[in-house]
Amino acid sequence: MSNTTVEQVQAGVEAWIGANWDPALSVREWWARLAASGYSAPMLPVEVGGLGYSRDLLAPVNSALTKAGCVGPPLGMGISLVSPTIAVHGTETQKQTLIREILLGEAAWCQLFSEPNSGSDLAGMQCRAELDGDEYVITGQKVWTTGGQWADRGMLLARTNFDLPKHQGITFFALDMHQPGVEVRPLREMTGRAMFNEVFITEARVHRDMVIGGLNNGWAVANTTLTFERASIGSGGGGNFGVAIPGTVANNLDRAVGDFVAERSSQAAGSVGAGTVKQYIGIARERGLSNDPTVRQDLAELHILTEVNRLNMLRTRAAQNLTGVEGNLAKMLMTHTLRRARDVGSALLGAGAMLWGPDAPTGGAVQEMTVYSPAPSIYGGTDQVQRNIVGERGLGLPKEPGDFRATPFKDLPKNG
Ligand SMILES: Cc1cc2nc3c(=O)[nH]c(=O)nc-3n(C[C@H](O)[C@H](O)[C@H](O)COP(=O)(O)OP(=O)(O)OC[C@H]3O[C@@H](n4cnc5c(N)ncnc54)[C@H](O)[C@@H]3O)c2cc1C
């Protein structure tokens with residue numbers, strides 16, 4: 001696919017939409033068509049339902065869906081994180097069953113990684129999994145679980161060996177969320193939404209066939225997931241199309257897909273690109289601010305940041321001089337750009353930036369961006385953690401003091 005151009009992709013998707021999009025279809029049928037075309041997850045390998053596209057070819061697919069006023073592929077972590085992780089680490093059966101149900105929107109997923117005492121230090125997690133016959137029995141607590149309230153399955157990290165060093169005794173499971181012993185409790189955030197949850201797991205069960213990537217190999221599998229997460233946050237390739245939540249809890253499959261064209265993902269608030277800069281230039285002109293030197297400086301800076309992000313993506317695609325930490329760099333650049341876009345937008349709109357709703361300036365987009373802006377700097381690994389990774393893995397700087405890589409988990413010093 002490396003010779004495919006953005007223009008070719010855009011033209012191909014537009015022609016396909018012309019022949020297939022119909023708001024009267026059921027969500028089930030629309031997602032089945034998207035899955036059959038490969039446009040649900042074009043970056044997946046062809047063998048598991050994708051088109052083998054590089055990340056920069058995702059943007060033209062998303063932009064064609066947006067322009068045509070379509071509903072996008074099943075929203076959430078199933079498509080963006082689970083399917084590429086299983087494509088790398090899963091068994092043949094897992095690829096054919098779990099990825100398939102994600103592409104068809106039959107199952108929604110959540111990410112059961114963070115715990116109350118292990119977010120940045122993810123490998124310090126304590127949730128335990130003990131083998132009992134052919135099943136593992138899971139007990140522990142997870143937190144900040146985005147979309148846990150809709151999830152049919154969870155990407156669960158649990159400790160399967162307390163005698164191994166902390167990075168080595170972890171296993172990655174596909175947990176059935178609909179069973180006794182899995183309790184999901186919502187947490188409300190300052191956006192007004194309850195996007196994430198606490199999840200209490202008490203002797204829940206998962207069959208050994210649902211181990212992804214091998215016993216005690218969960219750290220490597222989780223790093224694959226996090227690499228996809230950071231790259232997708234940094235890429236800005238998300239479309240602004242209509243969204244529908246997949247899975248049995250949201251139960252949207254038999255509704256008309258046209259019902260969802262006006263629904264938007266909260267993550268759209270985190271998407272800053274050339275369109276944002278253009279919109280801000282328009283506001284500056286309308287308000288007579290386009291000759292103000294400070295405003296001009298801010299707009300030029302935002303333009304440069306979005307351009308650097310675009311060029312970084314092209315550089316990654318050209319696969320030259322790669323450092324291995326491109327996803328981390330892209331994520332940091334995106335979070336910085338988002339904060340700058342928030343500040344510049346607020347300065348342009350003044351008190352109007354606090355308003356939300358259809359009558360607010362920009363339809364409330366700057367307000368949404370403001371309350372959402374801290375999130376991408378935290379999820380998928382905080383900005384500080386990204387800097388540590390870039391320092392250690394990209395620049396070869398020494399590791400942080402206190403290296404416990406060889407100490408069995410059970411012997412590690414615990415927080416008082
Ligand atoms: C919107 C949102 C959605 C999320 N969704 C999910 C989800 O679906 N599933 C999931 O499992 N988790 C999710 N998370 C959790 C997220 O991954 C964690 O919040 C994140 O990893 C940070 O962990 P923590 O909150 O425990 O902060 P801590 O790790 O306690 O960090 C606190 C502060 O200390 C800094 N810090 C910590 N360690 C270091 C270090 N070594 N060097 C320098 N600074 C350091 C951090 O940068 C941070 O500023 C989500 C978070 C947010 C905000």
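The structure presented is a predicted model; accordingly, all values stated were derived computationally and were not measured.

The rules behind each value
Residues numbered from 1 in each chain as written. Predicted model: local features only at pLDDT ≥ 70, side-chain atom pairs only at ≥ 80, totals over all residues. Helix = DSSP H or I, 4+ residues; strand = E, 2+ residues; numbered from the N terminus. Rg over C-alpha atoms; globule rule 2.2 N^0.38 Å. Buried ≥ 20, exposed ≤ 12 C-beta atoms within 10 Å, placed from the backbone. Contact = placed C-beta atoms within 7 Å. Pairing = 2+ DSSP bridges. Near = placed C-beta within 6 Å. Nonpolar A, V, L, I, M, F, W, Y, C, P; charged D, E, K, R; others polar. Domains from an automatic or database assignment. Core = buried A, V, L, I, M, F, W, Y, C linked by C-beta atoms within 7 Å. Axes fitted to C-alpha atoms, helices over the stretch in contact; angles between N-to-C directions. Left-handed = near helix turned anticlockwise from the far one by under 90°. Parallel < 35°, antiparallel > 145°, perpendicular 65-115°, else oblique.

*Asks:* Summarise the overall build of the protein chain; cite the residues concerned and give the values.
*Replies:* Of the regular secondary structure elements, the protein chain holds twelve helices and eight strands. For a compact globule of 416 residues, the expected C-alpha radius of gyration is about 22 Å, and the protein chain comes in at 22 Å, within 12% of that figure. Dimensions along the principal axes, computed over C-alpha positions, put the protein chain at roughly 70 × 55 × 45 Å. Out of the 416 residues in the protein chain, the part that is buried amounts to 45%. Sequence separation of at least 24 residues holds for 74% of the intrachain contacts in the protein chain that already meet a minimum separation of 6.

*Asks:* Describe the environment of Gly213, and please don't skip the residues or the numbers.
*Replies:* Among the structural elements, Gly213 can be located in the loop between strand S8 (211-212) and helix H6 (218-235). Look at Gly213 and you get buried, because 22 C-beta atoms sit within 10 Å. For the pair Gly213 and Lys95, spaced 118 residues apart in sequence, the C-alpha to C-alpha distance is 12 Å. If we skip the residues at most four places from it in the chain, Gly213 touches His89, Phe172, Gly218, Ala220 and Val221.

*Asks:* A description of the pairing of strand S7 (residues 196-207) should follow, citing residues and the corresponding values.
*Replies:* Note: strand S3 (residues 135-143) against S7, nine bridges, orientation antiparallel. Its bridge partner being in S7, Gln141 is matched across the sheet by Phe200.

*Asks:* Run through the site of the ligand, naming residues and quoting values.
*Replies:* Taken together, 19 residues lie near the ligand, and Phe113, Gly119, Ser120, Trp144 and Thr382 sit nearest. Going through the elements one at a time, strand S1 (109-112) and helix H12 (383-394) are the ones with two or more residues in the shell around the ligand. Ranked by residue count, the leading element in the shell around the ligand is H12, at three residues. For the shell around the ligand, the per-class residue count stands at eight nonpolar, ten polar and one charged. No fewer than three residues from each of domain 2 (109-227) and domain 3 (272-394) sit in the shell around the ligand.

*Asks:* Could you give an account of unusual backbone geometry, with specific residues and numbers?
*Replies:* Phi is positive for Asn216, which is not a glycine, with a value near 60 degrees. Of note, Asn216 is situated in the loop between S8 and H6. Residue classification places Asn216 among the partly exposed positions, given that 17 C-beta atoms sit within 10 Å. You will see that Thr362, though not glycine, has its phi angle at about 55 degrees, which is positive. One can find Thr362 in the loop between helix H10 (326-349) and helix H11 (365-372).

*Asks:* Quick rundown of the domain arrangement of the protein chain? Include the residues and the values.
*Replies:* According to the domain assignment, the protein chain contains domain 1 (6-105 + 240-260), domain 2 (109-227) and domain 3 (272-394). A straight line from the C-alpha centre of domain 1 to that of domain 3 covers 26 Å.

*Asks:* So what's going on with the nonpolar core? Residues and values would help.
*Replies:* With 101 residues, the main nonpolar core has Ile138, Leu157, Phe173 and Leu175 as its most contacted residues. Per-element tally for this core: the top contributor is H10, with nine residues. Leaving out residues up to four positions away in the same chain, Leu157 has contacts with Leu112, Phe113, Met125, Ile170, Phe172, Gly218 and Ala222.

*Asks:* Give a detailed account of the packing of helix H1 (residues 6-20) against helix H3 (residues 58-67), specifying residues and quantitative values.
*Replies:* In contact at an axis separation of 8 Å, H1 and H3 are set at 35 degrees when each is read in the N-to-C sense. When the axes of H1 and H3 are compared, the crossing they make is right-handed. Counting all contacts with H1, which are made through Val6, Val9, Gln10, Val13, Glu14 and Ile17, the residues of H3 involved are Pro60, Val61, Ser63, Ala64 and Leu65. Among the residues making up the contact of H1 with H3, the classes are represented as eight nonpolar, two polar and one charged.

*Asks:* Residues and numbers for the pairing of S3, please.
*Replies:* Judged from the five bridges that link them, strand S2 (residues 128-132) and S3 form a sheet pairing that is antiparallel. Among the inter-strand pairings, Ala129 is bridged to a residue of S3, identified as Ile138. The turn linking S2 back onto S3 is made up of two residues, and Gly133 within it adopts a positive phi angle of 70 degrees.

*Asks:* I'd love a proper account of the packing of H10 against H11, names of residues and values included.
*Replies:* At their nearest, the axes of H10 and H11 sit 9 Å apart, and the two run at 140 degrees to each other. Here H11 runs oblique to H10, going by the angle between their axes. In this structure, the crossing between H10 and H11 has a hand that is left-handed. Here H10 contributes Leu338, Ala341, Arg342, Gly345, Ser346 and Leu349 to the contact with H11, which in turn contributes Val366, Met369 and Thr370. Counted by class, the contact of H10 with H11 contains five nonpolar, three polar and one charged residues.

*Asks:* Tell me about H11, and name the residues and values.
*Replies:* Burial of H11 is extensive: six of the eight residues sit out of reach of the surface. Turning to H11, its buried residues are Val366, Gln367, Glu368, Met369, Thr370 and Tyr372.

*Asks:* Let's hear about the environment of Gln279: which residues, and what values?
*Replies:* Take Gln279: it is sitting in helix H8 (residues 274-286). Between the C-alpha atoms of Gln279 and Thr362, which are 83 residues apart in sequence, the distance is 8.6 Å.

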